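As a plain string of letters, each chain reads:
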Amino acid sequence: RTVFLTGATGFIAQNIVKTLIESDYNVVGTVRTEAKGDHLTKLLNSEKFKYEIVPDISVDGAFDEALSKHPEATVLLHTASPFFYDTTDPENDLVLPAIRGTKNIMKAVTKFGKNIERFVITSSDAAIYSAEDEQDATKSFDELSWNNITYEESLTDGVTAYYGAKSFAEKAAWEYIEKNPGFPALTAVNPVYVFGPQAFDSEVKDVLNVSNELINSLINLGPNDKFEIDKGGFVDVRDVAKAHVLAFEKEETIGKRLFLTNGQFSSQMMIDIINENFPELKGKIPVGEPGTGPEHIKSLGRVDNSKTKQLLGFEFSSLDKIVVDTIKQVLAKKSK
Ligand code: NDP
């Protein structure tokens, strides 16, 4: 079987492609430039991977040519979407590309994806709750919850816009299948903060992708530096990759949202794990206030993803394993 995947160079996507190839799927990935495609091809080193160039997902008809060349594709994974918070133009940098990218790939499937049977969209917990509600301990969320932020509200700043963008894009996908009854079966994957190793050691850069940089930035601090306490949900990128595969392999996931989380973290928990597991960093990085992490996360909204865990049927990795594996890979790169 052939899987057509958008945004193949991304942190999560590279892990998905690796998992797909290990499971014997052929993959056609979209990338923005030939240089990026050639780079990924070299890393994957597999005949099972091919790429097509799609420079900008938000341009009308962006995917038409790429998808029309691959009638053999039976599965579509849409992961490409801007993920950063730092912008002075949230509407054009985050909101519009997320919505247009989703509509463009769905229209391309209608026109050219005649053999596509399953469509999986990489959504986010940002489509489940707003940035504000996520931090509200009186609220509870599950697979059926929605971030109902308005378009106007979403344009306030980068973080709010990212949350809005993901909820508008996922809503656009469900609306599209309602209006187009012949469309392939849709499943959404809604991860919380995704952490864990890059699919390839060589992809470790001084600054990592947005989510992993929350961990990486901690080891770049000096022993007396203060750090901001970030908190939220966590899940391992390797579990997220596995969930994308099960999302289209299983029948029971059709029409569902898979809320991927294995609990909540605070930066203090991460620094505690790093200090406990990497003696070589002791005294070089902050300790903060060890053991206070569980106190921090009491202020977060409650989440229940038991339906998702039951549907997927595998155990998610612990925060300890995720942080240790992420830092190990970073330190190995630094020692080279
Ligand atoms: P990355 O930034 O690593 O990947 C994003 C991918 O989308 C890249 O391949 C990027 O290409 C591509 N892309 C972005 N904008 C455009 C555009 N306008 N035109 C063409 N390609 C574009 O992020 P992640 O891997 O972390 O995120 C992947 C998906 O997962 C996103 O949909 C994100 O919203 C979602 N997600 C991520 C979470 C996380 O914690 N990491 C949590 C929940 C959801 P290029 O690199 O060339 O710019």
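These figures come from a predicted structure and were not determined experimentally.

What to know about unusual backbone geometry
Non-glycine residue Asp 24 carries a positive phi angle of around 75°. You can see Asp 24 is positioned in the loop between α1 (11-22) and β2 (26-31). Under the relative-accessibility criterion, Asp 24 is labelled exposed at 55%. One non-glycine residue with positive phi stands out, namely Asn 45, at about 50°. The residue Asn 45 is located in the loop between α2 (34-44) and β3 (49-53) in this model.

Comments concerning the sheet that holds strand β11 (residues 264-266)
Pairing is mixed across the open sheet formed by three strands, whose spatial order is β8-β9-β11. Looking along the sheet, the strands with just one partner apiece sit at the ends: β8 (193-195) and β11. For this sheet the average axis-to-axis angle between neighbouring strands, irrespective of direction, equals 55°. The sheet contact formed by β8 and strand β9 (residues 231-236) spans three bridges and is parallel. Counted as the bridge partner of Val 194 is Val 235 from β9. Contacts between helix α8 (residues 210-219) and the sheet are confined to β8 and β11, with β8 contributing the most and set at about 65° to the helix. Relative to β9, helix α13 (residues 319-334) is tilted by about 75°, and along the sheet it contacts β8, β9 and β11.

Thresholds applied
- Residues numbered from 1 in each chain as written.
- Predicted model: local features only at pLDDT ≥ 70, side-chain atom pairs only at ≥ 80, totals over all residues.
- Heavy atoms only, no water.
- Helix = DSSP H or I, 4+ residues; strand = E, 2+ residues; numbered from the N terminus.
- Buried < 20%, exposed > 50% of the residue type's maximum accessible area, 1.4 Å probe, protein only.
- Pairing = 2+ DSSP bridges.
- Axes fitted to C-alpha atoms, helices over the stretch in contact; angles between N-to-C directions.
- Contact = heavy atoms within 4.5 Å.

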